[in-house]
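# Notes for the structure review
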Amino acid sequence: MASKFGLAGGIPERRVRPIWDAIDSRQFKNALKLVTALLSKFPNSPYCLALKALILERMGKSEEALSLCLNAKEHLHKNDSVLMDDLTLSTLQIVFQRLDHLEMATNCYEYACGKFPSNLELMMGLFNCYVREYSFVKQQQTAIRMYKLVGEERFLLWAVCSIQLQVFCGNGGEKLLLLAEGLLKKHVASHSLHEPEALMVYISILEQQAKFGDALEILSGKLGSLLLVEVDKLRIQGRLLARACDYAAAANIFQKILELCPDDWECFLHYLGCLLDDDSNWCDRATTDPIHPLKFVECKISNLTDEVFDSRMSSASDFVQKLQGNTGNNFARCPYLAHIEIERRKCLYGKGDDVKLMEALIQYFHGFGHLACFSSDVEMFLEVLTPDKKAELLGKLKESSASISAVPAKVLGQSITLFKIQELIGNMSNLTVVELEGSVVQMVEMYCKNLPLSKDLDSQESMHGEELLSLACNVLIQLYWRTRNVGYFVEAIMLLEFGLTIRRHVWQYKILLLHLYSHFGALSLAYEWFKSLDVKNILMETVSHHILPQMLVSPLWVDLNNLLKDYLKFMDDHLRESADLTFLAYRHRNYSKVIEFVQFKERLQQSNQYLVARVEGPILQLKQNAENIEEEEAVLGSLKCGIHFVELSNEIGSKSLTFNEDLQSRPWWAPTSERNYLLGPYEGVSYYPRENSMTEREANVRSMIERKSLLPRLIYLSIQSASTSLKENLEVNGSASDPKISSELKILLERYAKMLGYSFTDAIEVVLGVSGGQKSFEVFGSDLIDWINFSVFVNAWNLSSHEIGLANGEGGLSRAWRCADSLVEKYVSDKVSSMETLITSPWVDLPILIQLVTESLAWHGLVIQSCIRSSFPLGKKKKKAGFADQSCLSHLRDSVVSLCNTLEKVRKWLKEQINRPEDENLETLLSSLQKKEQMEGPGQVFQIIGTFTSSINETDLGDRISQSLKSWSHVDVGRKIVAGKCTVLSEFLRICDSKSKLFQALKQQIAQA
């Protein structure tokens, strides 16, 4: 921390070092004591003040820290004799940044640089401030000033990178790039370039302007020698030639690369594309998505003559054969995949031969069929085959597998590959239930039989044949989907729990179990398995989608709060600190990383999941405090009465959203968080394509966020509307004295109705029609909760506006009051009477019931609380109510009685579910796995596991696996499932009890009126 003169911020280093040592060891009290003593000797030292502020901020005393920082800043500005060094300013910057006042740190540096314009250290500090603020124009200007001051190459490149960042953000591309090119050209003429990264920046600037010839000239000239790795230089050269449409020269370059690196699959695709004059590898480079890469190789059918096409494909085949001969047995897959790709291109050009393509696939299977990647390698090649040819290929692969290898691990790998190919080609829907059961039995038996292969492996290492249980689970769930026999579903859970008993670290099993438990209703268990994944850092963004949507509609509010808090903390911390990485990349002269870090930050900032979490967090707070209107108003006050969220709702249409979820890790039956095949009828498909309907997903997410963002403001206005409707200052015509609340509420409700696909008037008719029995709940579709919320807010609006009453007479006022009560009451009655025994069956309708109670009923309860509070103000003698008040009092009484009765139905039903004897639930659950006399139905896998665990051979299996198998108990798993479901029901019951207590109290309060 010391300067070269032994001073730190103008203070001898020996006085400062102990303070920093205490800070570094987190002994903040000791550090505070030391810095306070130092301040007594140097009371006006900005550095001492900044140091004390840093310590106070670390101790959580933000206000005191900010006050000290402002004091230090004032000393710096007012006292010309004060030492203004980078150490003082950087310490202030740390504190200001942590207190979210980065602009103040920037102001300090700007003042210092204005006072000492030749101080390079201060200017670098100012540049760092602009990096943190993402002020690319000011970064550029500051870097140019530093370059002019000392003429160093790095500062010129800082300026050029800042220009590139402006271009990437869509500001003045062409002129800025010309400026960057001019700066670099002038520097090269006078000083040349001395770093490989500098050359890469120069080439990228030219490439962005499509000046490929100029870039090639620079690369082949003296500057090209900066690139020491020949292959790297060739890759750039090949790319530039291809983008310049010099395909023949580019193909020669890519051929050279393949001779040096024969296993470079991407390079081969570039080589083949150039041979066929196909620019699809280059024209969409800007739109490629690193999170969701394309599964299939894009290619265009060029206008080559048949003769030219045949000649070039023959040349490619000869070259690939040469590569295969040169690689020998070094396990390079690319030359063999290249052979298949050539045959695929021939098929796409209409000149292919299915037999040759299948022969190439079989050849690849002979060499690499035992690898786990085989099925993903060949997936795109299977697309050009007809269903009959795919089935024929599968048969040939099975025939050839018998003679390929005698090594047990390889035989196992090939068998797994055959199962995966069978799933991939989509012929499982043609198999009978018995055949599918046989396939599952074969997989599980194969897994058990091959466990000895893994006896010497560490528990952290993947075991041989682990994929078999995942494949078996997929088939069992398909059997459940086809037959609706819950035994298959329970068997899939048991199978995965069995696999995790043997090895606890198989993340694929955990994710499958997480989704199975979520669908089955044991969400507490699903959350436990999610936590066991130990998701950290960027995985919070890419993996949370497995559990977050289910948790948002669950009664597990404590767990949901922790999940949202952890996720938002990671995102906020990363967005706050990502600039540190950017500046580090600048300092280490890694300029490609500068661009990458900024773009990554932009991608995270635009995350749809981040936006959802920011909206859902406050809504969870509103749910948790809905039983106490004062606490609810305090929450709304902290949210600025929902105004900020209305602004978000207004802006969401123009916001750019990113989808960073790793959808490839999701199970086939839930390819996205919005889609679950198991909720619908069997569709007769067996290979489940991952829907890539990103446009549809984005529209759904936008609509959901737009609606949800209105909730806090709607709740606030509804409370205010209900409150003003019963105050003494009613006007003669019966409308509230503050028309602004009523008019704003109506405007928001009109928007809400439009989001549901109706005009405001028509939407009111729809909810009144359903509540009156003229229409069914089916008209609400999947937006049932939104519709019932709408009815609640319409009633609150009508309390002050009386528009429905004015249009329909007193009966209209009554209908509006009864509407929400009736909707909640009818839906609850229907579902409680029709739902199966929850403990032993999947839950389909329960999440809707939970939302109904925790959202719609809660918001309705707040309106009622507001009305009653206005009718019976605390500490005041109640006046005799007039006619309007008596009428409203009657509606209030009816509403509270209705909601009490509705909650009582739910509570009674939940208690029946929870209080069923555990042994009875367990017996019902496990009875679904009991084998009948016939050999069909669920239970066969269960039987195999039971037989295997009852005859453990410790010598063959080893100590670790044997001990794991001895701990296996299907009864324990059954009890865990029952307990997990009861946990969720108990949490829901606790919420219902709390609301019931509230409404009983309100009922008594009204009775005393």
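The notes below deal with the structure included here.

Thresholds, definitions, all that
- Residues numbered from 1 in each chain as written.
- Predicted model: local features only at pLDDT ≥ 70, side-chain atom pairs only at ≥ 80, totals over all residues.
- Heavy atoms only, no water.
- Axes fitted to C-alpha atoms, helices over the stretch in contact; angles between N-to-C directions.
- Helix = DSSP H or I, 4+ residues; strand = E, 2+ residues; numbered from the N terminus.
- Parallel < 35°, antiparallel > 145°, perpendicular 65-115°, else oblique.
- Left-handed = near helix turned anticlockwise from the far one by under 90°.
- Contact = heavy atoms within 4.5 Å.
- Nonpolar A, V, L, I, M, F, W, Y, C, P; charged D, E, K, R; others polar.
- Salt bridge = Lys/Arg side-chain N within 4 Å of Asp/Glu carboxyl O.
- Buried < 20%, exposed > 50% of the residue type's maximum accessible area, 1.4 Å probe, protein only.
- Phe/Tyr/Trp six-rings, centres within 6.5 Å; stacked < 30°, edge-to-face > 60°.
- Lys NZ or Arg CZ within 6 Å of the ring centre and 35° of its normal.
- Expected span 1.5 Å × (residues − 1).

Right, let's talk about the packing of helix H6 (residues 102-115) against helix H7 (residues 120-133) for a bit. Running from amino to carboxyl end, H6 crosses H7 at an angle of 150°, the nearest separation of the two axes being 9 Å. Comparing their axes, H7 and H6 come out roughly antiparallel. Relative to H7, H6 is oriented so that their crossing is left-handed. For the pair formed by H6 and H7, the contact residues are Leu 102, Glu 103, Ala 105, Thr 106, Tyr 109, Glu 110, Ala 112 and Cys 113 on the first element and Leu 122, Met 123, Gly 125, Leu 126, Cys 129, Tyr 130, Arg 132 and Glu 133 on the second. For the contact of H6 with H7, the per-class residue count stands at 10 nonpolar, two polar and four charged.

On to the pattern of salt bridges. All chains considered together, the criterion is met by 52 salt bridges. Glu 341 is paired through a salt bridge with Arg 344; the nearest N and O atoms lie 2.9 Å apart. With Glu 341 and Arg 344 both in helix H18 (residues 334-348) and three residues apart, the pair spans about one turn of that helix. When its relative accessible area of 6% is taken as the criterion, Arg 344 is described as buried. If you follow the salt bridges from partner to partner, you end up with Asp 100, Lys 569, Asp 573 and Arg 576 in one network.

With that settled, the discussion passes to the packing of aromatic side chains. One pass over the structure, following the stated rule, counts 32 aromatic pairs. Each ring, one from Phe 309 and one from Tyr 349, has its centre 4.2 Å from the other, and the planes form 25°; the classification is stacked. With a gap of 40 residues between them, Phe 309 in helix H17 (residues 306-327) and Tyr 349 in the loop between H18 and helix H19 (354-368) connect regions that are remote in the sequence. The same class applies to Phe 309 and to Tyr 349, which are both buried. A centroid spacing of 6.2 Å and a plane angle of 90° characterise the contact between Phe 760 and Phe 790, whose relative ring orientation is edge-to-face. Of this pair, Phe 760 sits in helix H37 (residues 760-771) while Phe 790 sits in helix H38 (residues 784-801), and the two are 30 residues apart along the sequence. For the pair formed by Phe 760 and Phe 790, the shared burial category is buried. Feature note: the residues Tyr 752, Tyr 758, Phe 760, Phe 777, Phe 780, Trp 787, Phe 790, Trp 797 and Tyr 827 constitute an aromatic cluster, connected by ring pairs. Looking at Lys 601, its charged tip hangs above the ring of Tyr 134, at a distance of 3.9 Å from the centre.

The subject of this paragraph is H38. Its 18 residues give H38 an end-to-end C-alpha distance of 25 Å, which sits within 8% of 26 Å, the value for a rise of 1.5 Å per residue. Most of H38 sits inside the fold, with 18 of its 18 residues counted as buried. Residue His 802 follows H38 closely and has a positive phi angle near 60°.

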